Amino acid sequence: MDGSVLDAIPEVSVIVPARNEEASLGDCLESLTAQTGVAFEILVVDDSSADRTREIAQSFAKVRVISAGPLPDGWTGKNSAVIAGAKEARAQWLLFTDADTVHLPGSLARALAEAKREGADLLSYSPEQMAVTFAERAVMPVIFAELATQYPPQKVRDRNSGIVAANGQYILVRRAAYDAVGGHAAVATEILEDVALARLFDNAGKRVYFRYGGDAVRTRMYRNWPQLREGWTKNLALLFPHPERLAVQSLLLWFAVWSMLGVAVSGAVIHHLAWIAFAALWALAYRRIRVAHFSPANNLIAIACGLPTFAYLLLRSKNAHAIGQVSWKGRAYGTAAPSGSTLTKVQADKSIPRVENQKLRTEN
């Protein structure tokens, strides 16, 4: 049975929060409505969009469109939207997925089967990241390589590692477990709601299963430099411990690879064997970057140009959180300044850093 049977109780409810997503929502819904092998419903939650988001969603016969409603004080917009979707969902499994994702044929049925096979109460995929503009190609491989180092999927799957993570672009949960831990309502003030939700599951003894999911879903997170800068400014200081230290390390690595390239070229010209050892530094840098699953060309661009940009974004994020305000999609979020390590501290003391004294405002 597939999604064409809308009057039956579905096995999966797909919940897509959407705020001003006209550029990507159509492709997302085309890929979702084409899924087979499992009974499902699709709910798009329109979060006060000012563009054609709602119109696009309503053009799909298999999609139910609801409104997120007024934003409660202190909640983030995405959390408010997914909570509204979960209230309307009918299935025993819920898939929370972003409007900028594209789902490969049959991936929904395969994900559900994998969650059942692994005994997972929460299954999360890190999608294949699509990069188009130069800024995306330079920065995204660096960030996702560092994320893979900070939160290795194999350690996330190991309940004894103390490391828990999830990617909010694709989170499939067992409804009973989701309700038992309080769902997104329990983390409604969190900017990094995906990690906070995974921590709730883990603390409650629920099984969290996380892996790279390029075989199931892909996404283009940001379509230009302003979006990329705003999005990572919101998140980086919460994702990485000691962002200043990581920024300095990135700059030193960038300086070293360019310096060693010059030495390698000079050594090659004079036929000196020392150039081989110096050139090895580029190989080591490439090996570190390639774990992010980008193309070889993107990896080389990232090594050449992305490291200093990553350093800039780390410091910008740290400063924004120190000031106490970040923004996303026309809303400003008040934050508590991260002290030293944020998510590393979370892993250590099993607590989730709360976003304090939040006031959200809608900008034109």
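Small disclaimer: the values here were computed from a predicted structure and weren't measured.

Cut-offs used in this document
- Residues numbered from 1 in each chain as written.
- Predicted model: local features only at pLDDT ≥ 70, side-chain atom pairs only at ≥ 80, totals over all residues.
- Heavy atoms only, no water.
- Helix = DSSP H or I, 4+ residues; strand = E, 2+ residues; numbered from the N terminus.
- Polar contact = N/O pair within 3.5 Å; in protein donor to acceptor, adjacent residues only side chain to side chain.
- Contact = heavy atoms within 4.5 Å.
- 1 Å grid on protein atoms, 1.4 Å probe; cavity = no way out; pocket = protein on both sides within 12 Å on 5 of 7 lines; lining within 4 Å.
- Points joined across faces, edges and corners; volume = space filled by probe spheres on them.
- Nonpolar A, V, L, I, M, F, W, Y, C, P; charged D, E, K, R; others polar.
- Phe/Tyr/Trp six-rings, centres within 6.5 Å; stacked < 30°, edge-to-face > 60°.
- Buried < 20%, exposed > 50% of the residue type's maximum accessible area, 1.4 Å probe, protein only.
- Lys NZ or Arg CZ within 6 Å of the ring centre and 35° of its normal.

Chemist: What should I look at first to understand the side chain of Arg207 in this one?
Modeler: Position of Arg207 among the secondary structure elements: in the loop between α8 (193-203) and β9 (208-212). A distance of 2.9 Å separates a polar atom in the side chain of Arg207 from the backbone oxygen of Arg157. Residues contacting Arg207, with those up to four places away along its chain left out, are Glu118, Gly119, Ala120, Asp121, Leu122, Arg157 and Arg159.

Chemist: Sorry if this is basic, but what is going on with empty space enclosed by the protein here?
Modeler: Over the atoms, a rolled probe matching the size of one water molecule traces out where space is still vacant. Tallied over the entire structure, the rule returns 3 cavities of 30 Å³ or more. Its boundaries defined by the atoms lining it, the largest cavity holds a volume of some 60 Å³. Lining the largest cavity are 10 residues; nearest its centre among them are Val156, Asp158, Arg159, Val164 and Asp202. Grouping the amino acids of the lining of the largest cavity by side-chain chemistry returns 4 nonpolar, 1 polar and 5 charged. In this structure, the second largest cavity spans a volume of roughly 50 Å³. In this structure, the second largest cavity is lined by Ala145, Glu146, Leu253, Ala285, Arg288, Ile289 and Leu307. The set of elements that each furnish at least two residues to the lining of the second largest cavity consists of α5 (134-150) and α11 (274-289). Sort the elements by how many residues they give to the lining of the second largest cavity and α11 lands first, with 3 residues.

Chemist: I would appreciate a short explanation of the packing of aromatic side chains in the present structure.
Modeler: By convention here, two paired aromatic rings are described through the distance between centres and the angle between planes. Inspection of the entire model under this criterion finds 7 aromatic pairs. Ring centres of Tyr222 and Trp232 lie 5.9 Å apart, and the angle between their planes is 75°; on these two criteria the pair is classed as edge-to-face. Taken as a pair, Tyr222 in the loop between β10 (217-219) and α9 (225-239) and Trp232 in helix α9 lie far apart in primary sequence, 10 residues in all. Each of the two residues, Tyr222 as well as Trp232, counts as buried. One aromatic cluster is present, built from ring pairs that chain together Phe144, Tyr222, Trp232 and Trp328. One residue, Arg157, lies across the ring of Tyr209, its end atom 5.5 Å from the ring centre. Sitting over the face of the ring of Trp328, Lys234 holds its NZ or CZ atom 5.6 Å from the ring centroid.

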